[in-house]
Amino acid sequence: METIRTERDIRAGSPRGIGLTGWLRWGWRQLTSMRNAIIMLLLLVIALLPASILPQKRQDPVLADEWIEDNGIWGTILDALGFFNILTAPWFAAIYILLFISLVGCIVPRSFSLVRDWRAGPGRVPVRLTRYDSYDSVETDLPEQEVWGRVEKSLRRYRTVRRDGGISAERGYLREAGNLIFHMSLLGLLIVFGLSQAVSYRGQAIIVEDETFANSVLTYDTFNRGVLVDEESLPPYSVTLNEMTPQFFDDGTPSAFSADVTITRPDGQAQEIIRPNEPLDIDGTNVYLSGNGYAPKIRVIDAAGNVALNDYVVLPDITETYVSTGVIKVPDVTEGEQLGFQATLFPTAQEQDGVIVSINPDALNPVLVTTTWVGDLGLDDGVPQNVYFLDTEKMELITESVGDVDVGALTTLRMGDEAEIPGGHGTIEFVELARFAALDMRYDPTLGWMLAFAVLALGGLATSLLMPSRRLWVRYEDGTVHAAAIGRKGDTGLSSDVSSTLALKEDS
Amino acid sequence: MNLETVSLILIYGAMAAYTLGMISFAIDFSSADKTGTRRAANIGMSVTTLAFLLHLSGTILRGVAASRVPWANMYEFTLTFSVVAVATYLLLSKGRDLRVLGVFVNGLTVLSLGIAVAVLYVRVLGTPPILDNYWLIIHVSTATLGMGLFAFAALMSVLQLVQLRRETKDRAAVSSQGGKATTSGGGGETVVKEKKSRWRDLPSAADLEQGAFRVTVVGFLLWTFTLIAGAIWAEHAWGRPWNWDPKETMSLVVWGFYGAYLHARATRGWEGSRAAWLNVIGLISLFINYYVINFFADSLHSYAGL
């Protein structure tokens, strides 16, 4: 026979290239291949390892900066490469963007294939069933129609089609559907997370007992919002802390926390209790009890005899035993220089070996110890300042000699005590002690979607891993019923399916 | 003599029994008589069951002593996940002969309990308020179950790698003798000098791979649920479902490695040895998540209790 060639085949010289489209097609094929999906997934996961082990700037910027400083050249290199803020690093974004493009590029064609396979139904019965490992046969003297009836009954879980003198059965559509749903839900989760960053906001308010917090951006201690959040849209409510009650076990570890609050809304007031794991829902905003501590009431009388400060001061730095540290700023002196104090509160103070310690987190014997700074607090510069941080650049520490060293002069006050401020700048009094509660308020309308996608993903995953994918064929020839089945690698249910089909039970 | 002390005594008893089990299984593993009744292995199996019961009682009593589920700190968590791993072994041994794995299961369990008792032990503490919630039962239990299953699956993957190496060496030895033997055992007539193994035969690499896969599948589903339940609890407790906290990130890393393992099992060229390695890497990351992150990372999750 003559071989017919066209012009295209008879080409002399160098081999044809595949052209640009050819290369693009090759690239796409590679990107969406399983092999590269595994490699990209591994890259993503390996990239997350330092995100977990190295301190990240978004989580704990102070610790991250410390790490960079403590580790010299390595710290600088890693920082430049973005290892301390991996989630926003461009190379990390490249990995997960490529991975998700690969995912979509694989899932979409497979969805179409599933629809096509579903429409086409199970394929033809193979001519030789004996070549399959699971092949078995049984003799029967039932009439042919009876055989088919019983076989179809036992193949209830399959999709069966009777043709060519045999039955073709297939199952596994659910498995593939579950697989596709799982992967699409992952994509959905990614999108929802991104949206949630944009439309949600979060703020923390530190409220001392008997004080009220009004919900507006300026009154929060810290406030973060997504780019699409309208600051005017914060719902109008205010929170009054009536009482903050921590409870402790005998060994000093906390056993329970509860914050008794009154919520005031345009349509009325309500009293609620907020506990850990039990946030309060105010018109879609969730309020969480995230911390508590002590706020001593301090009265400072300046050198001229006027009251310069008479207020509760929050001490936000709290150890596990509730030893609380903070700063007291006294800018409103009527004469002389401004005052600043570093203050530490010992809730149940006891002197051990000349040092004051606290032996109980409850305020059974509160003692306040302060060091005094005098000078310019820097509040008049017009630059906003951290309320809890004392800027001592233009201040001087009042010291006393202990041996041949000059240390900050300590003023020790029990509750109700009044003492002279070292340096003759007036008096400071520890009037009384109240607690404060740190309430986190968060608005995130995407939570329901996240849960929905997560549940869908889990359901799809379980279906795709646990449901089998099999084909089973049955043929009837002169009183003998032949059957064989094939499945995925490692499917051990094939022979039992074949034997239960060949059992030809009346009511299977 | 309070419940806490009784619990600790039971755990010590379990450790002793696991050690005896390990020794019995080791005797069987290295026995010269490969064909007789394996009395040492049967003794090992009975002792392992006894050890498991002691271990389980100790764990339950620890929970009773603390008036909550026994998994609120690393000591208790170790007790629980190792009891799950042994339970998996015993359950799968019904209807299958897995006595040859007994020496490894017992040995690793003694090691885990040893670390728990020596390094991680804490007196029964009151539950911190943030953990005093029904989510502790839901989220941490599935984490523990998942961890126990992953541990058992990784043991099988390691043994699979050992077997693959041995099988490759055997095939090379056979073919170097100039025979016509094929890998599937069919082939021509060749008289091969059989190399006597010092140890008992492990299950075939294919069987170990199958076993590892099926146990990993269940573990993976549980771990996925752990991540979701954790996110839901995190939203109730800390006001956000996911914040890339070191523990959260590392748990996702574990999930990712096992996800890669599952993909590998479905990819031509990546089954067998590569998949087994991914399974082992998954377990290593799980142990980093457990032992390293709990201690060293600055995480909201640091409930080591130490």
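Everything discussed here concerns the structure shown above.
What counts and what doesn't
Residues numbered from 1 in each chain as written. Chains lettered and ligands numbered in written order. Predicted model: local features only at pLDDT ≥ 70, side-chain atom pairs only at ≥ 80, totals over all residues. Heavy atoms only, no water. Helix = DSSP H or I, 4+ residues; strand = E, 2+ residues; numbered from the N terminus. Buried < 20%, exposed > 50% of the residue type's maximum accessible area, 1.4 Å probe, protein only. Contact = heavy atoms within 4.5 Å. Areas by Shrake-Rupley, 256 points an atom, 1.4 Å probe, with all protein chains shown as cover. Lys, Arg positive; Asp, Glu negative; His and termini not counted. Charge placed at Lys NZ, Arg CZ, Asp CG, Glu CD. Pairing = 2+ DSSP bridges. Axes fitted to C-alpha atoms, helices over the stretch in contact; angles between N-to-C directions. Buried area = accessible area lost by both parts, 1.4 Å probe. Salt bridge = Lys/Arg side-chain N within 4 Å of Asp/Glu carboxyl O. Nonpolar A, V, L, I, M, F, W, Y, C, P; charged D, E, K, R; others polar. Parallel < 35°, antiparallel > 145°, perpendicular 65-115°, else oblique. Expected span 1.5 Å × (residues − 1). Patch = residues over 30% accessible without salt bridge, like charges linked within 9 Å, V, L, I, M, F, W, Y side chains within 5 Å. Core = buried A, V, L, I, M, F, W, Y, C linked by side-chain atoms within 4.5 Å. Phe/Tyr/Trp six-rings, centres within 6.5 Å; stacked < 30°, edge-to-face > 60°. Lys NZ or Arg CZ within 6 Å of the ring centre and 35° of its normal.

Draft legend 1. View of the overall build of chain B. Looking only at helices and strands, one finds 8 helices and 0 strands in chain B. Moving toward the C terminus, one meets the helices and strands of chain B in the order α-α-α-α-α-α-α-α. In terms of principal-axis extent, the alpha carbons of chain B reach across some 75 × 45 × 30 Å. When each of the 306 residues of chain B is scored for burial, the buried share is 55%. Sequence-distant contacts in chain B: of pairs separated by 6 or more residues, those separated by 24 or more amount to 81%. By element, 65% of the accessible surface of chain B is carried by carbon and sulfur atoms, the whole surface being about 13,600 Å². For chain B, the distance from the average position of its 25 positive side-chain charges to the average position of its 18 negative side-chain charges is 8 Å.

Draft legend 2. Region of the structure containing unusual backbone geometry. Phi angles above zero are rare outside glycine, and D478(A) is one such case at about 50°. Inspection of the secondary structure assignment puts D478(A) in the loop between β25 (470-477) and β26 (480-487). A positive phi angle is found at S67(B), which is not glycine, with a value near 60°. Relative to the assigned elements, S67(B) resides in the loop between α2 (39-66) and α3 (74-93).

Draft legend 3. The arrangement of the sheet that holds strand β5 (residues 212-214) of chain A in detail. All names here are of chain A. As summarised here, the arrangement of the 4 strands in space is β5-β7-β8-β9, forming an open sheet in which the pairing is antiparallel. Edge strands, defined here as strands with exactly one partner in the open sheet, are β5 and β9 (268-274). This sheet shows a mean twist of 25° between the axes of neighbouring strands, independent of strand direction.

Draft legend 4. Quick peek at the interface of chain B and chain A. At the interface, 51 residues of chain B touch 49 residues of chain A. When the two sides are added together, the surface that chain B and chain A hide from each other amounts to roughly 4,000 Å², 70% of it contributed by carbon and sulfur. Summed over the three residues of chain B that lose the most area to chain A, namely P129(B), L221(B) and W244(B), the buried surface amounts to 15% of that side. On inspection of chain B and its partner chain A, the count reaches 1 salt bridge. Here K489(A) makes a salt bridge to E271(B), at a shortest N to O gap of 3.8 Å. Counting residues per element, the ones that place at least two in the side of chain B that touches chain A are α6 (205-238), α7 (246-265) and α8 (273-296) of chain B. Among the elements that line the side of chain B that touches chain A, the one with the most residues is α6(B), at 15 residues. Residue classes in the side of chain B that touches chain A are distributed as 29 nonpolar, 13 polar and 9 charged.

Draft legend 5. Highlighting the environment of L208(B). Residues and elements named next belong to chain B. Looking at where L208 falls in the secondary structure, it is placed in helix α6. For L208, a relative accessible area of 2% corresponds to the buried category. Counting along the chain gives 77 residues from L208 to L131, while the straight-line C-alpha distance between them is 38 Å. Once residues lying within four places of it in the same chain are set aside, the contact partners of L208 are L101, M156, L159, Q160, Q163 and P203.

Draft legend 6. Fine view of the environment of L120(B). Turning to its location among the elements, L120(B) is positioned in helix α4 (residues 102-120). For the pair L120(B) and V86(B), spaced 34 residues apart in sequence, the C-alpha separation works out to 20 Å.

Draft legend 7. Seen up close, the packing of helix α8 (residues 447-466) of chain A against α6(B). At a closest axis distance of 10 Å, the pairing of α8(A) and α6(B) adopts a crossing angle of 170°. With respect to α6(B), the element α8(A) is oriented roughly antiparallel. Taken together, the residues of α6(B) that come into contact with α8(A) (itself represented by L447(A), L451(A), A454(A), L458(A), L461(A), A462(A), L465(A) and L466(A)) are V217(B), F220(B), L221(B), T224(B), F225(B), I228(B), I232(B) and E235(B). Of the residues assigned to the contact of α8(A) with α6(B), the class counts are 14 nonpolar, 1 polar and 1 charged.

Draft legend 8. Quick peek at the side chain of T371(A). Tracing the backbone shows T371(A) in strand β18 (residues 367-375). When residues no more than four places from it in sequence are discounted, the contact partners of T371(A) are G340(A), F341(A), Q342(A), L397(A), G408(A), A409(A) and L410(A).

Draft legend 9. Expanded view of the pattern of salt bridges. Following the criterion strictly, the structure yields 26 salt bridges over all chains and no others. Here E429(A) makes a salt bridge to R299(A), at a shortest N to O gap of 3.1 Å. Taken together, the residues span a long stretch of sequence, with E429(A) in strand β24 (residues 426-443) and R299(A) in strand β11 (residues 285-302) at a distance of 130 residues. For E429(A), a relative accessible area of 13% puts it in the buried group. Judged by its relative accessible area of 28%, R299(A) is partly exposed. R38(B) is the salt-bridge partner of D97(B), the closest N and O atoms lying 3.6 Å from each other.

Draft legend 10. How the structure looks around the sheet that holds strand β2 (residues 159-163) of chain A. All names here are of chain A. Reading across from one edge, β1-β26-β25-β3-β2 is the order of the 5 strands in this open sheet, with antiparallel pairing throughout. Strand pairing shows two members of the sheet lacking a second neighbour, β1 (136-139) and β2, which therefore form its edges. Strand after strand, the sheet turns through a mean of 15° between neighbouring axes, direction not considered. Examined bridge by bridge, β1 and β26 share 4 bridges and lie antiparallel to one another.

Draft legend 11. A look at helix α5 (residues 90-120) of chain A. All names here are of chain A. Taking 1.5 Å as the rise per residue, α5 with 31 residues should run 45 Å; its terminal C-alpha atoms sit 45 Å apart, in good agreement. Here α5 has its buried residues at F92, A93, I95, L99, F100, S102, L103, G105, I107 and L114. Buried-residue contacts for α5 involve α1 (19-31), α2 (34-53) and α7 (173-199). Looking one or two residues past α5, G121 carries a phi angle of roughly 80°, positive in sign.

Draft legend 12. Quick look at the pairing of strand β20 (residues 399-402) of chain A. Residue and element names in this part refer to chain A. As judged from the 4 bridges shared by β20 and strand β21 (residues 405-408), these two strands associate in the antiparallel manner. Counted as the bridge partner of T399 is G408 from β21. Adjacent in sequence and paired antiparallel, β20 and β21 are bridged by 2 residues, among which G403 carries a positive phi angle near 70°.

Draft legend 13. Quick peek at the pairing of strand β12 (residues 307-312) of chain A. Residue and element names in this part refer to chain A. Of the strand pairs in this sheet, β11 and β12 are connected by 5 bridges, and their pairing is antiparallel. Paired with I301 across the bridge in β12 is V307. Counting the residues between successive antiparallel strands, the hairpin from β11 to β12 contains 4 residues, one of them, G305, with a positive phi of roughly 90°.

Draft legend 14. Representation of the side chain of E76(B) in the model. All names here are of chain B. Among the structural elements, E76 can be located in helix α3. When its relative accessible area of 0% is taken as the criterion, E76 is described as buried. Beyond its immediate sequence surroundings of up to four residues, E76 is in contact with R62, R68, V69, P70 and W71.

Draft legend 15. Region of interest: a nonpolar patch on the surface. Residues and elements named next belong to chain A. There is a patch of nonpolar side chains on the surface, built from W28, I97, L98 and I101 and spanning about 360 Å² of accessible area. The topology assignment puts I101 in helix α5. Its relative accessible area of 36% is what places I101 among the partly exposed residues.

Draft legend 16. The arrangement of the nonpolar core in detail. Ranked by size, the top nonpolar core spans 106 residues in total, and within it Y89(B) and L101(B) carry the most contacts. Among residues more than four places away in sequence, those in contact with Y89(B) are F25(B), M45(B), L98(B), R99(B), L101(B), G102(B), V105(B) and F152(B). Judged by nonpolar contacts, the second largest core, of 49 residues, contains F257(A), V261(A), I274(A) and V313(A).

Draft legend 17. Highlighting the packing of aromatic side chains. Under the defined criterion, the tally for this structure stands at 30 aromatic pairs over all chains. When the centroid spacing of 5.5 Å and the interplanar angle of 75° are considered together, the rings of W23(A) and W26(A) count as edge-to-face. Taken together, the positions of W23(A) and W26(A), both in helix α1 and 3 residues apart, correspond to about one turn of that helix. Taking the relative accessible area as the measure of exposure, W26(A) reaches 46% and is therefore partly exposed. Centroid distance Y201(A) to F223(A): 5.6 Å. Interplanar angle 35°. Geometry classified as tilted. Of this pair, Y201(A) sits in strand β4 (residues 201-208) while F223(A) sits in strand β6 (residues 222-225); the two residues are 22 residues apart in sequence, bridging distant segments of the chain. For the pair Y201(A) and F223(A), a shared accessibility class is recorded, and that class is buried. A connected cluster of aromatic rings, assembled from ring pairs, spans Y201(A), F213(A), Y220(A), F223(A) and Y443(A). Directly above the ring of Y132(A) sits R131(A), whose terminal nitrogen or CZ lies 5.3 Å from the centroid. Against the face of F213(B) rests R265(B), its NZ or CZ located 4.2 Å from the ring centre.

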